[in-house]
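The lines below spell out each chain.
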Amino acid sequence: MHRYLRYSLAPLLAGLLSLAGCDPHEDPRPGGSDAGTSSDAGTGTDAGPGDTTPFIRIHYRLQGGGDPKTWGVHFWGAGSTSPEWGAPRMFDKTDDFGAYTDVKVSVTADSDEALLGVIPVQCSGGNCKRDIETSVRFADLFKDAATPNIAECWITQGQAVQTTKPASSKPAFKVLRAKDFIDLGNGGVRLMFHAAEGSSGSVRYGTARDALDQEVTWAAADDINKKGLLITGLTPGKTVYYKVHSTLRTATEVLTDETPVLELQPLQFPTISNETDWATWGSKGIMYQLIVRTFADGGAPKAVSDSSGESGIDPSTRDGVGDLVGLKSMLPYLKQLGVDAIWMTPVFKAKSYHGYDTTDFYDIDPVLGTRKDFTDLTAAADTLGIHIILDLVQNHVADVNPWFVAGSNPKDPQFAKYHDWFVWSDEHSNMLADKHPWDDSAVVWACKNYMCYHQIFGAAMPELNFRNPEVRAEMKKIAEFWITLGADGFRLDASKHIDQFDDNHGIALATHGTHVWWKEFNSFVKKGVSLPAGAPPVLLAGENRWDEPRLIGNMVPYASDMDSQFDFPFRGLVSNFLRGEVGDDADFVKYVQALHQAAGDTAAGGNPNHYFERFLSNHDLNRPATDIEDAGGLVFAMQKQAATIVFTVPGMPVLYYGEEFGKKGKADKFLGNESWERGEFVREPMSWFQKVSFTGDKQSSWDIDFARTNAANAELGLPVGICKAPNPEYPYIKYMSEDDPHSWAAQKDDPDSLFNYYKKLIAIRKANALFTDSRTRFETVQNTAETFEYTLSKDGKTLTVVLNRLPEPRKISRPSEATDLLTGTKGTSFDVPEFGALILQ
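Residues numbered from 1 in each chain as written. Predicted model: local features only at pLDDT ≥ 70, side-chain atom pairs only at ≥ 80, totals over all residues. Heavy atoms only, no water.

Let's talk about the packing of helix α13 (residues 568-578) against helix α14 (residues 588-599)
- Where α13 contacts α14, the axes come no closer than 10 Å and their chain directions differ by 165 degrees. Put simply, α13 runs roughly antiparallel to α14. The interaxial crossing formed by α13 with α14 has right-handed handedness. Along the contact surface, α13 presents P569, F570, L573 and F577, while α14 presents F588, Y591 and V592.
- Its residues assigned to classes, the contact of α13 with α14 shows seven nonpolar, no polar and no charged. (Axes fitted to C-alpha atoms, helices over the stretch in contact; angles between N-to-C directions. Helix = DSSP H or I, 4+ residues; strand = E, 2+ residues; numbered from the N terminus. Parallel < 35°, antiparallel > 145°, perpendicular 65-115°, else oblique. Left-handed = near helix turned anticlockwise from the far one by under 90°. Contact = heavy atoms within 4.5 Å. Nonpolar A, V, L, I, M, F, W, Y, C, P; charged D, E, K, R; others polar.)

Laid out in structure tokens, this is it:
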């Protein structure tokens, strides 16, 4: 996802540059593009005899052979003069470590300004293969008494920088991360310690510290760091003691290591299998996605002493920021629309406006309200029969989260507790070889305090370590906390990335860290949390994103992990359909039926109770009104047709706020010269009002004047006010206008509006069980450039959907009399408008 750094990755250097005082939104490279060729063109200068100028000497060696002098270094900061990107300073001198070069610096103090950013690179024709980005400070590095102006560091390819001279030429042989394990929930655990490549060894274990009477072993040929070591037959709930012993044989010596006696306690969690335990209620409902801060302004924040007992919103003053009080006041609107569940993007305390970089999982962002406001919301929603779905980001946290602040600083008193809550490289790593899940050019590690941590979504979002039982226990504790306060389910952000390394290594489903965790978590929220009598099962909806229909097999194993998941390929097929494509690339019916059948295949990890959320847009994706805006006067008709598709296929339809009015928006640049496209433009304020006032101008800045807009629309009698731009640090509005036809006020009284068409579609879906019954047969009848037709049938009942694909009205005839549920017209011949639809019974 975009959300600042997601699914459109920021420049790789963003995390370090932010530490060094640079704007991470700007291209850090001189000239801003890959230019030049690999040479000695870097502007570093060699340290000469008798020179007192401060230099940082960077030593470099390769893993697995090769010539380190074919590599160079790109650097910036600490008063250095950065080389042009693509023309690094080469490692042109050799020593017993490998190769090295000297970089002249002028800032040497013990301060953040003294950071020298470093990326070893191998460049050809301006294209550079990058090692791990890191940073060093003159004050931290090794200095020889004879040359105190030279501060030295040592980098082994794919590993963290060393600040002291390597003391030994021995290969790494210590057992590391010995406490990491994946709990299989059935008396089995997968130990995930790291040992030297090519080592052999054993784990001795038993039920008493002084009686380690059982043993499992691994051989030198086993890839222990990828596969781990399996122990089965343990008693859940009973402590197991174990010790890891490793042996590495080299040409000249035998190196051994042994851990102290460690302990773990395996769990037992039942796999959810009965139909009544799954949250199948979602497949019969409608979900509405919204961003609280841009949905409805119910007041201004106020200081409170008790988040659980006091509202944090003062309704007497509007501040232009949506909040939980505003959302609560608009529940009747959502109920009237036909909404059964509300998915709110993250509302916890976070670093960024979008909330996907959590700093405190146990409290609400004070801009949005308090825990009291949340419980008031859930109580009111429950009265109306609306479920509240929280966006829970388990994959990562913010780099300013107290867990990471402590775990990344060896001087912090809580370092020992929180360090292993994150995934760190070690001596057995080659970080350069670790692949990014969707960007082959990106590196999935970032470095801080001379340690490197795993990240996928940017250096500002470190990944949590789910091989640590404390992390797993904490996530269950968080879930129970919010379920107790009224949450009915969770949207699981980036759920497929929990154990990215198991994905990269092709680990089998039964022991795969991601799938095992979600089964444990699903079991906990279904069976481990006390719910009120009659409460439906807690819903889990996963974001397991693959965009290509040919990759649906990747989605299937998640069907037995969680109730539902978001169907991204479906949206692509609908887009193809709206562009006029014909054939399988636009046959969403064929695709949906194939996916439904695949997801129900238990032999492949599927589950017949699983269903999919189907949608046209979300907070990371362009809105359809903008994607098809070239259609001009036909845009509303095409949006109605797209909505018809979403509400007449199986699964759980998801509306993104404002979609019911045809709200516009796409990731875009504001002035056109910014370094990247901004996701804020698909998260603009909810379009309640037709009359909208703005401040500034479109040449410099343009934001909503919420006070003037509220005053101009007072006669509408809405209980809430308009919201400003979503990101207070980037206050621009691009896709709303002073007279906004894509709004509730403009469409509420027009029976032919998109808004009222959405209401009609939702009512039809709710009145006809064929749309929501998982056993309904779904078949394509016609797939031509003029007409697309499909049927839904079960137990002798049939509904037929006919879509006119032409930009002009048509008369469509049927062989026998039918009733169009959209218009109430009965007969054998129907007038269908341009890009119109029939739903025939």
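Digging into the state of the cysteines
- Considering all chains together, one arrives at two disulfides under this definition.
- Across the disulfide, C123 is cross-linked to C128 (sulfur-sulfur distance 1.9 Å). With the S-S dihedral at roughly 105 degrees, the linkage between C123 and C128 falls on the right-handed side.
- Classification of C123 as buried rests on a relative accessible area of 8%.
- Assessed through its relative accessible area of 16%, C128 is described here as buried.
- A sulfur-sulfur distance of 2.2 Å marks the disulfide that ties C447 to C452. Taking the sign of the S-S torsion, about 85 degrees here, the bridge from C447 to C452 comes out right-handed.
- The exposure class assigned to C447 is buried, which follows from its relative accessible area of 12%.
- Overall, C452 belongs to the buried group, its relative accessible area being 1%. (Disulfide = S-S within 2.5 Å. Buried < 20%, exposed > 50% of the residue type's maximum accessible area, 1.4 Å probe, protein only.)

Some words on helix α6 (residues 371-384)
- Here α6 is 14 residues long and its end C-alpha atoms lie 20 Å apart, about the 20 Å a rise of 1.5 Å per residue gives.
- Listing the buried residues of α6 in full gives R371, D373, F374, L377, T378 and A381. Down the axis, α6 shows its buried residues gathered within 155 degrees of arc, on one side only.
- Positive backbone phi, at 75 degrees, marks G385, one or two positions downstream of α6. (Expected span 1.5 Å × (residues − 1). Arc of directions from axis to C-beta.)

Notes on the sheet that holds strand β37 (residues 797-804)
- With antiparallel pairing, the four strands of this open sheet are ordered in space as β35-β36-β37-β40. Of all the strands in the sheet, the pair left with one neighbour each is β35 (777-783) and β40 (837-840). Along the sheet, successive strands turn relative to each other by an average axial angle of 15 degrees, direction set aside.
- Where β35 meets strand β36 (residues 787-794), six bridges bridge the pair, whose relative direction is antiparallel. Considered in β36, the bridge of F778 is made with L792.
- Across the sheet, helix α16 (residues 635-647) is in contact with β36, β37 and β40; its angle to β37 comes to roughly 155 degrees. (Pairing = 2+ DSSP bridges.)

Re the nonpolar core
- If you look at the biggest cluster of nonpolar residues, it comprises 138 residues, and the most contacted ones within it are Y288, F295, Y333, M344, F490, F588 and W688.
- If one sorts the elements of this core by residue count, α16 sits on top with eight residues.
- Beyond its immediate stretch of four places on either side in the chain, F588 contacts F570, L573, F577, I645, V649, F788, Y790 and L803.
- Within the second largest apolar cluster, 22 residues are counted, among which are I56, I58, V136 and L141. (Core = buried A, V, L, I, M, F, W, Y, C linked by side-chain atoms within 4.5 Å.)

As for the packing of aromatic side chains
- The final tally for this structure, using the stated rule, is 47 aromatic pairs.
- On the numbers, 5.1 Å between centres and 35 degrees between planes, the contact of F348 with W482 is tilted. Of this pair, F348 sits in strand β23 (residues 348-350) while W482 sits in helix α9 (residues 469-484); the two residues are 134 residues apart in sequence, bridging distant segments of the chain. As far as the burial class goes, F348 and W482 line up, both buried.
- When the centroid spacing of 5.4 Å and the interplanar angle of 35 degrees are considered together, the rings of W438 and F457 count as tilted. You can see W438 sitting in the loop between α8 (415-418) and β26 (445-448) and its partner F457 sitting in the loop between β27 (451-454) and α9, a full 19 residues away along the chain.
- For F457, a relative accessible area of 0% gives the class buried. (Phe/Tyr/Trp six-rings, centres within 6.5 Å; stacked < 30°, edge-to-face > 60°.)

Structural notes on the sheet that holds strand β5 (residues 99-104)
- Here we have five strands laid out as an open sheet, ordered β4-β5-β1-β10-β9, and mixed in their pairing. The sheet is open, and its two borders are formed by β4 (93-94) and β9 (142-143), each paired with just one other strand.
- Across two bridges, β4 lies against β5 in antiparallel orientation. Residue T94 lies in a different strand from β5, and its bridge partner there is A99.

Description of unusual backbone geometry
- Of note, the phi angle at R177 is positive, near 55 degrees, even though the residue is not glycine.
- For R177, a relative accessible area of 21% corresponds to the partly exposed category.

What about the pattern of salt bridges?
- Here the structure, examined in full by the defined rule, presents 43 salt bridges.
- Across the pair D110 and R137 runs a salt bridge whose closest N-O atoms are separated by 2.8 Å. Note that D110 is positioned in the loop between β5 and β6 (115-124) and R137 in strand β8 (residues 134-137), a separation of 27 residues in sequence.
- The class of D110 is exposed, set by a relative accessible area of 61%.
- Where K476 meets E520, a salt bridge forms, and the shortest distance between an N and an O atom there is 2.8 Å. Placement of K476 in helix α9 and of E520 in helix α11 (residues 513-528) is noted, with a sequence separation of 44 residues between them. Of the two residues, K476 and E520, neither departs from the other in class, the shared state being buried.
- Through salt bridges that share partners, R190, R467, D499 and D502 make up one connected network. (Salt bridge = Lys/Arg side-chain N within 4 Å of Asp/Glu carboxyl O.)

As for the side chain of K496
- With respect to the secondary-structure elements, K496 resides in the loop between β28 (489-492) and α10 (500-504).
- Buried within the structure, K496 lacks any salt-bridge partner; D503 is the closest side chain of opposite charge, at an N-O distance of 6.5 Å. (Lys, Arg positive; Asp, Glu negative; His and termini not counted.)

A closer look at the environment of K335
- Checked against the element boundaries, K335 lands in helix α5 (residues 331-337).
- Separated by 423 residues in sequence, K335 and Y758 place their C-alpha atoms 13 Å apart.

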